[in-house]
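Chains, contacts and geometry: an overview
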Amino acid sequence: MLCCCGLNVGGGRGCPIAEKKDRTAAALGFLEKEKSVNWLAEPNLCPGLFYGTPAQDGLLIRIRRPGGWLNLEQGQAIATLAQQWNCTTLQVTNRANLQLRGIQTPPSRETLQTLQALGLAALDPRMDHLRNLMTSPTAGIDPQELIDTRPLVQAIDTYIQGHPELAGLPPKFSIGLDGGGAVGIGLRPAAAWEHRYNEISLSAVLVESPAELPPGVYFRLAIMAQRQVYETDWLIQPSQCLAVIGALAKHYLEYVNQVAPSHPQPRMKHLLQDWGLPYYLQKVNASLPQPLQPLAKGPMPRPTQRGGYLGVHAQRRGSGRVYRGVALPLGQLTAAQLLGLVQLAAEFGNGQLRLTPWQSVILPDIETEQMPLLATHLASLGLSRDGVGHGIVACAGKPGCSSSATQTQIHARQVVDHLQRHLNNLNLDNLVNIHFTGCSKGCAQPSAAEITLLGTQIEQEGSLVEAYYLCLGGISESEGQTYGLPLSADQLPALLTRLLCCYQEQRSSPQESLPDFVRRHGIHPLSSQFNPSTALPSMASLTPPLG
């Protein structure tokens, strides 16, 4: 017998998803009675599923999946919905969620119940915006990891959904769990642009030598706000993590409730400004069943390899299996590609896809000898091209975003295609990060880019055309070097190709990063080599916001 989700169930037992839908129907019905509109939760700044986020091209919907994991049924459901909604492109976000644009009709009650039953939405719609739980996409299969974070991610998700009072936390509330493996989140990646910020960050470390704590694996706590990291001297045992996170969330909410009448959108940065980190941690520690003892000289998290989530990599020792990281240009894929990927994951792996915070996807648990056949199937889906274009990210841009001055997605795609045609044979060892942003808010990437393109408009022959300020080598705004005049969008593909060719040929070693290369040469003398056709002034005072 086929259940409502297409699963075969027998033996007299009911469909597990149908049963779960029945349990959530009452909660949905209660909330729906409280609303005079179709949506079941109050909208906020971050796109979601139970409320509409209007854009110029239609509704924007975001499906959150803690850890970025999708099984066969979940992937099939999302692909089917995308097709029903005439959504031509899905996008993996930098929190490893899935985003759908241009939706013209809100999801039906039945659709939302199905997504809830599949684990793709919170049972209480008011809690869905808090399912921002990020971890390494190689958790549990990474041969270098210190601890498998998957059980803890699931436990935290269950905890948050079971405490509806936390619904008052801001939509940017997020938790990052790093297991200490070769592929890490937070600030462990070697390239700054691969950093991912979470307000509560737990990174696994190993205490080996005799110390104040028994030897073993601990999590070092850091608090992140406004792209700044506030390290603490707390080392937390895995068994204590849930209690610590609960206390951090409880007192964060206490602050939000205190200032909310006079401050419409309090965030962690405001808490740290008003309370200070020591006072916040003091309140948290006082409410723990077992207060923590700070360890001033505890170990720090290890750095990770750059781009280790792409290509073929061995899994944990003794498994005899590998995982395949698949690059998605601009994080985009079609519904047909998503459906094809989940089918390949079921045929060649364990039926799971893992979305990454770097807008790519991983197929785990593949037998090594099956990799050539898998590569053939990926090519048939149009997903076989790994190369220099896959460090490029872009915000929504026009027409979806009214704040954008440019069509960032179109222009970024043009650059990706041009680079893949001309640079794939140049053996650029490291991905080069290029960030297209249509306005100064710098959406789509939380960290400073190696090349930032800030959208604007310029006049050419009596008409306004879309253009970009170009900033090279910026790890921070003060270090970035910017062309004085914006470049029209049609100049960018060829210019960036020449720049990367110049970098490939003249860098001091394969290890020299693009920011170091630009700082060594200076942008003005360098510009004559990769853009000889245009006389550009020296660095201007304008430096576009990075990140």
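Residues numbered from 1 in each chain as written. Predicted model: local features only at pLDDT ≥ 70, side-chain atom pairs only at ≥ 80, totals over all residues. Heavy atoms only, no water.

The subject of this paragraph is the overall build of the protein. Scanning the protein from terminus to terminus reveals 13 helices and 21 strands. Every one of the 547 residues in the protein was classed for burial, and the buried ones make up 56%. (Helix = DSSP H or I, 4+ residues; strand = E, 2+ residues; numbered from the N terminus. Buried < 20%, exposed > 50% of the residue type's maximum accessible area, 1.4 Å probe, protein only.)

Now for the packing of aromatic side chains. Applying the stated criterion to the full structure yields seven aromatic pairs. Here Trp275 and Tyr279 contribute two aromatic rings whose centre-to-centre distance is 5.5 Å and whose plane-to-plane angle is 85°, an arrangement assigned as edge-to-face. Three or more aromatic residues joined by ring pairs form one cluster here, namely Tyr255, Trp275, Tyr279 and Tyr280. In this structure, Lys283 packs its charged tip against the face of Trp275, placed 5.3 Å from the ring centre. (Phe/Tyr/Trp six-rings, centres within 6.5 Å; stacked < 30°, edge-to-face > 60°. Lys NZ or Arg CZ within 6 Å of the ring centre and 35° of its normal.)

Below, the discussion takes up the pairing of strand S15 (residues 360–367). Within S15, seven of the eight residues are buried, which leaves it mostly tucked inside the rest of the structure. Bridge count for strand S14 (residues 353–355) against S15 is two bridges, and the pairing is antiparallel. When the bridges of S15 are listed, Arg354 appears paired with Ile362. The antiparallel pairing of S14 with S15 creates a hairpin that spans four residues between the two strands, and Gln359 there sits at a positive phi of about 60°. (Pairing = 2+ DSSP bridges.)

Pairing is antiparallel across the open sheet formed by five strands, whose spatial order is S1-S2-S5-S4-S13. The outermost strands of the open sheet, each flanked by one partner alone, are strand S1 (53–55) and strand S13 (332–333). Here strand S4 (residues 90–92) runs beside S13; their pairing, made up of two bridges, is antiparallel. Among the inter-strand pairings, Leu90 is bridged to a residue of S13, identified as Leu333.

Let us look at the packing of helix H10 (residues 408–423) against helix H11 (residues 492–506). Between two packed helices, both the angle of their axes relative to each other and the distance between the axes serve to describe the pair. At a minimum axis distance of 9 Å, the contact between H10 and H11 shows a crossing angle of 45°. One element, H10, and the other, H11, form an angle in the oblique class. The two elements H10 and H11 meet at a crossing, and its hand is right-handed. When H10 is examined against H11, the residues Gln414, Val415, His418, Leu419, His422 and Leu423 are found in contact with a partner set consisting of Leu492, Pro493, Ala494, Leu496, Thr497, Leu500 and Cys501. Looking at side-chain class alone, the contact of H10 with H11 contains nine nonpolar, four polar and no charged residues. (Axes fitted to C-alpha atoms, helices over the stretch in contact; angles between N-to-C directions. Parallel < 35°, antiparallel > 145°, perpendicular 65-115°, else oblique. Left-handed = near helix turned anticlockwise from the far one by under 90°. Contact = heavy atoms within 4.5 Å. Nonpolar A, V, L, I, M, F, W, Y, C, P; charged D, E, K, R; others polar.)

This next bit is on helix H12 (residues 514–521). Taken as a whole, H12 has its buried residues at Leu514, Pro515, Phe517 and Val518. Burial along H12 is one-sided: seen end-on, the buried residues are contained in an arc of 160°. (Arc of directions from axis to C-beta.)

Okay, the pattern of salt bridges next. Within the structure shown, the criterion is met by nine salt bridges. One salt bridge in this structure joins Arg131 and Asp157, with 3.0 Å as the shortest N-O distance. Note that Arg131 is positioned in the loop between helix H3 (109–117) and strand S6 (133–135) and Asp157 in helix H4 (residues 150–161), a separation of 26 residues in sequence. Arg321 is the partner of Glu367 in a salt bridge, and the nearest nitrogen-oxygen pair spans 3.4 Å. Note that Glu367 is positioned in strand S15 and Arg321 in strand S12 (residues 321–327), a separation of 46 residues in sequence. (Salt bridge = Lys/Arg side-chain N within 4 Å of Asp/Glu carboxyl O.)

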